[in-house]
Amino acid sequence: MTDTAPPAVPASPTARPRAAVDPARPGPVADVADRAAAGFADRYAGSPAGRWAAPGRANLIGEHTDYNDGFVLPFALPLRTVVAADRQDGPRWTVWSELSGEPVSFGADEVAEPGRVTGWAAYVAGVVWALRDAGHDVPGARLAIASDVPLGSGLSSSAALEAAVLAALVDLGGLDLPAERWPRLAQRAENAYVGAPTGILDQSAVIRCRAGHALFLDCRTEAIEHIPFDLAAAGLAVLVVDSRAPHRHADGEYAARRAACERAAHLLGVPALRDVPAAGLDAALARLDDDETRRRVRHVVTEDQRVLDTVELLRAGRVRDTGPLLTASHASMRDDFEITVPEVDTAVEAALAAGAYGARMTGGGFGGCVLALVDADRADAVADAVTAAYAERGYRAPGLYRATPAPGAHRL
Ligand code: GLA
């Protein structure tokens, strides 16, 4: 999960006081790349051998389906983490982030087994560990990190960091590791080194997404399809609302949801909830005793189907018509999976009341961001409506972005 991940940026658009929608155009991207290079020069003297970027992500639909072997449909955001790096002799890694100020340095001992490097640098050490554990000869490196991906907002700042570091190390070391294999490696860093039991959604999105497309991923087979998601051509925009809700027990609740799903799959005698077809849902629910488990299962099974239905609509160029599926997904997360919070529900309701075609929370839950599908020329009005609803309830003003599907991790 993203709460504890590190490097962010003082000048993040989330710091804006009013409801203006940040277009999230490539402007900040150039800035963040420059900041990483400048940080490198200040800290280590000289220029980096290269700069590698990885984006934050939003998940259009398919929540808590990844660890159930199901389907997801994320897209990458134009907000990015950039790593400027070069090689250094021996097995030693020195990492500086614009947020932490002080560099962290670790050697072979600290990456011999999980848990020895803690705090934000654990994401970097975890990548080094996972690569070495998979038998790769990881080059020593000096890294400087800058990021525009806000922390703790459910936009995968941790996966962006892992992916940018991975891209840098693979390139610097000339490692034989095709990009299809990066997501599992980065996930392993997060699961086994950092200790967060997440699925494959975030790492796949930030590595494999393509500009102008959403990524349809089968989390069991890792088969992908890039689905055209051209919002501008349809006169639409996706508004991202950072709920600014404090994460409430997110890690423990996430692990509890995952455990409940695994228990339910076991009770139903299937390898994963993905194996319960939508048509067989009622029969499956009838075999479960308690209401809470039934609701958890219903969310996952119906959510998988909503992903498939959304993909069909996008393939047919019917972007607007996906709205009701997004809203139904939110209701399912709120009522069946119970992972939303009042700030998030308020943002969804206000966006819908202001004319959004659909709106839903994106990411693991208990805070984070909401996506609203809106007419492009209504984006500011919807943003204002959400801000006003927040003010009425005395919530902290939300952060607002306009999301354009961006590319996954790459060298700049
Ligand atoms: C977090 C996790 C993902 C996924 C989502 C919920 O973002 O990191 O693996 O489970 O929550 O869809």
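See the structure shown above.
Colleague: Quick question: what am I supposed to make of the pattern of salt bridges here?
Modeller: Two side chains carrying opposite charge are able to pair once their charged atoms lie near each other. Here the structure, examined in full by the defined rule, presents 28 salt bridges. With its nearest N and O atoms 3.0 Å apart, the salt bridge here joins Asp69 to Arg220. Residue Asp69 is located in the loop between strand E1 (50-59) and strand E2 (71-72), and its partner Arg220 is located in the loop between strand E7 (213-218) and strand E8 (224-228); the two are separated by 151 residues in the primary sequence. Assessed through its relative accessible area of 23%, Asp69 is described here as partly exposed. For Arg220, a relative accessible area of 32% translates into the label partly exposed. With a shortest N-O distance of 3.2 Å, Arg411 and Asp171 are connected by a salt bridge. With a gap of 240 residues between them, Arg411 in strand E13 (residues 410-411) and Asp171 in helix H3 (residues 157-173) connect regions that are remote in the sequence. Linked by salt bridges that have partners in common, Asp291, Glu292, Arg294, Arg295, Arg296 and Glu338 make up one network.

Colleague: Before we go on, may I ask you to explain the packing of aromatic side chains in this structure?
Modeller: Each aromatic ring pair is described using two quantities: the centre-to-centre distance and the angle formed by the ring planes. Going through the model one piece at a time under the given rule, you end up with seven aromatic pairs. For the pair Trp129 and Tyr193, a centre-to-centre distance of 6.1 Å together with 50° between the ring planes defines the contact as tilted. Separated by 64 residues along the polypeptide, Trp129 in helix H2 (residues 121-133) and Tyr193 in helix H4 (residues 182-194) bring together distant segments of the chain.

Colleague: I keep staring at the side chain of His299 and nothing clicks. Help me out?
Modeller: Assignment of secondary structure puts His299 in helix H8 (residues 291-315). Other than its neighbours up to four places away in sequence, His299 contacts Glu63, His64, Arg306, Ser332, Met333, Asp336 and Phe337.

Colleague: What am I meant to see in H2 here?
Modeller: The end-to-end C-alpha distance of H2, which contains 13 residues, comes to 18 Å, matching closely the 18 Å that a straight helix rising 1.5 Å per residue would cover. Counting buried positions along H2 yields eleven of 13 residues, so the element is predominantly enclosed. Those residues of H2 that sit buried are Ala121, Ala122, Tyr123, Val124, Ala125, Gly126, Val127, Val128, Trp129, Ala130 and Leu131. Looking at the buried residues of H2, the elements they touch are strand E4 (92-97), strand E5 (104-107), strand E6 (141-147), H3 and H4.

Colleague: Teacher, can you tell me more about the environment of Asp321 here?
Modeller: Position of Asp321 among the secondary structure elements: in the loop between H8 and helix H9 (323-335). Residue classification places Asp321 among the partly exposed positions, given a relative accessible area of 36%. Separated by 271 residues in sequence, Asp321 and Gly50 have C-alpha atoms that sit 43 Å apart. In this structure the side chain of Asp321 is engaged in a polar contact, spanning 2.7 Å, whose partner is the side chain of Arg318.

Colleague: Mind showing me how you'd approach the side chain of His64 here?
Modeller: You can see His64 is positioned in the loop between E1 and E2. At a separation of 2.6 Å, a polar atom in the side chain of His64 contacts the side chain of Tyr67. A polar contact is formed between the side chain of His64 and the backbone oxygen of Gly364, at a distance of 2.8 Å. In this view, His64 contacts Tyr254, Arg257, His299, Val300, Phe337, Ile339 and Gly364; residues no more than four positions away in its chain are not counted.

Colleague: How should I be thinking about the sheet that holds strand E3 (residues 74-87) in this particular structure?
Modeller: Sheets are built from strands paired through backbone hydrogen bonds, the pairs being either parallel or antiparallel. The strand order E5-E4-E6-E3-E1-E13 describes an open sheet built from six strands, whose pairing is mixed. Two strands bound the open sheet, and with one partner strand each, they are E5 and E13. Where E4 meets E5, four bridges bridge the pair, whose relative direction is antiparallel. Residue Val95 lies in a different strand from E5, and its bridge partner there is Val104. The strands that H2 touches are E4, E5 and E6; relative to E5, the one it contacts most, it runs at about 20°. Running at roughly 125° to E1, helix H5 (residues 201-208) makes contact with E1 and E3 of the sheet.

Colleague: Can you walk me through the site of the ligand in this structure?
Modeller: Around the ligand, the neighbouring residues are Arg57, Glu63, His64, Asp66, Tyr67, Thr198, Gly199, Leu201, Asp202, Tyr254 and Gly364. At 2.6 Å from an oxygen atom of the ligand is found a side-chain nitrogen or oxygen belonging to Tyr254. Protein burial of the ligand: of its 300 Å² of free accessible surface, 97% is covered by the chains. Within the shell around the ligand, the residues separate by chemical class into three nonpolar, four polar and four charged.

Colleague: Explain the pairing of E7 to me, please; I cannot follow it from the model alone.
Modeller: In summary, the side chains of a regular strand alternate between the two faces of the sheet. Within E7, five of the six residues are buried, which leaves it mostly tucked inside the rest of the structure. Looking at chain direction, E2 and E7 are connected through two bridges and run antiparallel. Counterpart to Val72 in the pairing with E7 is Leu217. Pairing of E7 with E8, which is carried by five bridges, proceeds in the antiparallel orientation. Bridge pairing in E8 places Ala214 opposite Ile227. Linking E7 back to E8 in an antiparallel pair, the connection comprises five residues, with Glu222 at a positive phi of about 65°.

Cut-offs and rules
Residues numbered from 1 in each chain as written. Predicted model: local features only at pLDDT ≥ 70, side-chain atom pairs only at ≥ 80, totals over all residues. Heavy atoms only, no water. Salt bridge = Lys/Arg side-chain N within 4 Å of Asp/Glu carboxyl O. Helix = DSSP H or I, 4+ residues; strand = E, 2+ residues; numbered from the N terminus. Buried < 20%, exposed > 50% of the residue type's maximum accessible area, 1.4 Å probe, protein only. Phe/Tyr/Trp six-rings, centres within 6.5 Å; stacked < 30°, edge-to-face > 60°. Contact = heavy atoms within 4.5 Å. Expected span 1.5 Å × (residues − 1). Polar contact = N/O pair within 3.5 Å; in protein donor to acceptor, adjacent residues only side chain to side chain. Pairing = 2+ DSSP bridges. Axes fitted to C-alpha atoms, helices over the stretch in contact; angles between N-to-C directions. Near = heavy atom within 4 Å. Areas by Shrake-Rupley, 256 points an atom, 1.4 Å probe, with all protein chains shown as cover. Nonpolar A, V, L, I, M, F, W, Y, C, P; charged D, E, K, R; others polar.

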